[in-house]
Amino acid sequence: MTRSSVLARRPLRLIAVAAAAMLALAIVLGAAFMGARLATAEADAAAPSATASTAAAVEDAEQPTVADVYALVAPSVVVVETADATGSGVIVNADGSIMTALHVVDGASSITVTFSDGTQATASVASTDEAQDLATLTPDALPEVVVPATLGGGLEVGDAVLAIGTPLGLAWSASSGIVSGLDRTFDADGTDLAGLIQFDAAVNPGSSGGPLVDSDGAVVGIVVALLTTGDDDTFAGVGLAVPIQSALAGSGEDGEPGDGGPQQ
């Protein structure tokens, strides 16, 4: 072997070593880059979940509780009394007009209404709708602050509802449940009531005429009947209410969804 050939091979070995070192460095840098890319992708994938969780938490925080809904609507509920019956009613207009069930006041020689602040007044029947078992009352005096209810609609089966009234003489009682059926019919002493809301919030004698309220605090119906399994007239899981918009159309009141609020 000549000297020139030996000298000629040494640079090739150095080049090979340098190339191997550069290759190793490239592999390390590439791995680091890919790791960073994967970490970024994982962070991006996690971001929507975090956003969805935050949005759900905000929505839950803004959803009124049953107590919130009751506090909103109770000032609009009244006790309706005659010589023969006790029922409930709800203020549906800023002029103090009260809607109730017709069978509570039908044929009464005198009607007394008690507002949530304790004010009592006599009332007269302004209009009736026998086809829906509804009556509108005009009180002879009003409390210092009249609080008409907010009116709503658009229920679906499964929606949460609250019934407020005077079951068994217990004024301003509340019971919660869900809408369990729509467009029901009911034979009320020979009169077929149609298009009714079926619900499972407990109601009893004295609840008639009271409001059925949705989860936002809007009145969606007027309670008119309960179904029982016997002659004791106690609640058996099925209450019925006239949809508020049908009630307004039949009574001649001009309320629309969203009406209501304190009025002096």
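Residues numbered from 1 in each chain as written. Predicted model: local features only at pLDDT ≥ 70, side-chain atom pairs only at ≥ 80, totals over all residues. Heavy atoms only, no water.

Asker: Residue-level account of the overall build of the chain, with values.
Answerer: Within the chain one finds 4 helices and 12 strands. In the chain, buried positions account for 37% of the 264 residues. Put simply, 61% of the contacts in the chain that link residues at least 6 apart link residues at least 24 apart. (Helix = DSSP H or I, 4+ residues; strand = E, 2+ residues; numbered from the N terminus. Buried < 20%, exposed > 50% of the residue type's maximum accessible area, 1.4 Å probe, protein only. Contact = heavy atoms within 4.5 Å.)

Asker: Help me get a handle on the nonpolar core, residues and values and all.
Answerer: Grouped together as the largest cluster of nonpolar side chains are 39 residues, with contacts concentrated most on Val-80, Val-113, Leu-137, Val-224 and Ile-244. Top element by residues in this core is strand β11 (residues 219-227). It accounts for 4 residues. Those residues in contact with Leu-137 that sit more than four places away from it in its chain are Val-80, Gly-96, Ser-97, Ile-98, Thr-100, Val-105, Ile-111, Val-113, Ala-123, Ser-124, Val-125 and Ala-126. Ala-163, Val-179, Leu-212 and Val-220 belong to the second-largest nonpolar core, a separate cluster that totals 13 residues. (Core = buried A, V, L, I, M, F, W, Y, C linked by side-chain atoms within 4.5 Å.)

Asker: Provide a residue-level description of the environment of Glu-156, including the pertinent values.
Answerer: Tracing the sequence through the fold places Glu-156 in the loop between β6 (134-139) and β7 (160-165). Among the residues examined, Glu-156 registers a relative accessible area of 53% and is labelled exposed. Excluding residues that lie within four positions of it along the chain, Glu-156 makes contacts with Val-179 and Leu-182.

Asker: So what about the environment of Val-238? Which residues, and what values?
Answerer: The residue Val-238 is located in strand β12 (residues 238-243) in this model. In the structure, Val-238 is positioned 11 residues away from Leu-227 in sequence and 5.5 Å away in space, judged by C-alpha atoms. Once you skip the residues sitting within four places of it in the chain, Val-238 turns out to touch Gln-198, Phe-199, Leu-226 and Leu-227.

Asker: Kindly report on the sheet that holds strand β8 (residues 173-188), identifying the contributing residues and their values.
Answerer: In space, the 6 strands of this closed barrel follow the order β7-β8-β9-β12-β11-β10, with antiparallel pairing throughout. Direction aside, the axes of adjacent strands within the sheet are offset by 55 degrees on average. As paired strands, β7 and β8 are joined by 6 bridges and run antiparallel to one another. Bridge pairing in β8 links Ala-160 to Ile-178. Relative to β7, helix α2 (residues 66-73) is tilted by about 45 degrees, and along the sheet it contacts β7, β8 and β10 (211-214). (Pairing = 2+ DSSP bridges. Axes fitted to C-alpha atoms, helices over the stretch in contact; angles between N-to-C directions.)

Asker: So, the sheet that holds strand β2 (residues 86-91): which residues are in play, and what are the values?
Answerer: A barrel is described by the order of its strands in space; here 6 strands give the closed sequence β1-β2-β3-β6-β5-β4, paired in antiparallel fashion. Averaged over all adjacent pairs, the angle separating strand axes in this sheet is 40 degrees, with direction ignored. Where β2 and strand β3 (residues 98-101) come together, 3 bridges link them in antiparallel fashion. By the bridge assignment, Ile-91 is partnered in β3 with Ile-98.

Asker: Provide a residue-level description of the confidence of the model for the chain, including the pertinent values.
Answerer: Averaged over the chain, the pLDDT score is 80; the fraction of residues at 70 or greater is 69%. Counting contacts from residues 1-20, a segment whose pLDDT is below 50, to residues more than four positions away or on other chains yields 2 contacts. The low-confidence segment residues 255-264, where pLDDT is below 50, has 29 contacts with residues more than four positions distant or belonging to other chains. (pLDDT = per-residue confidence, 0-100.)

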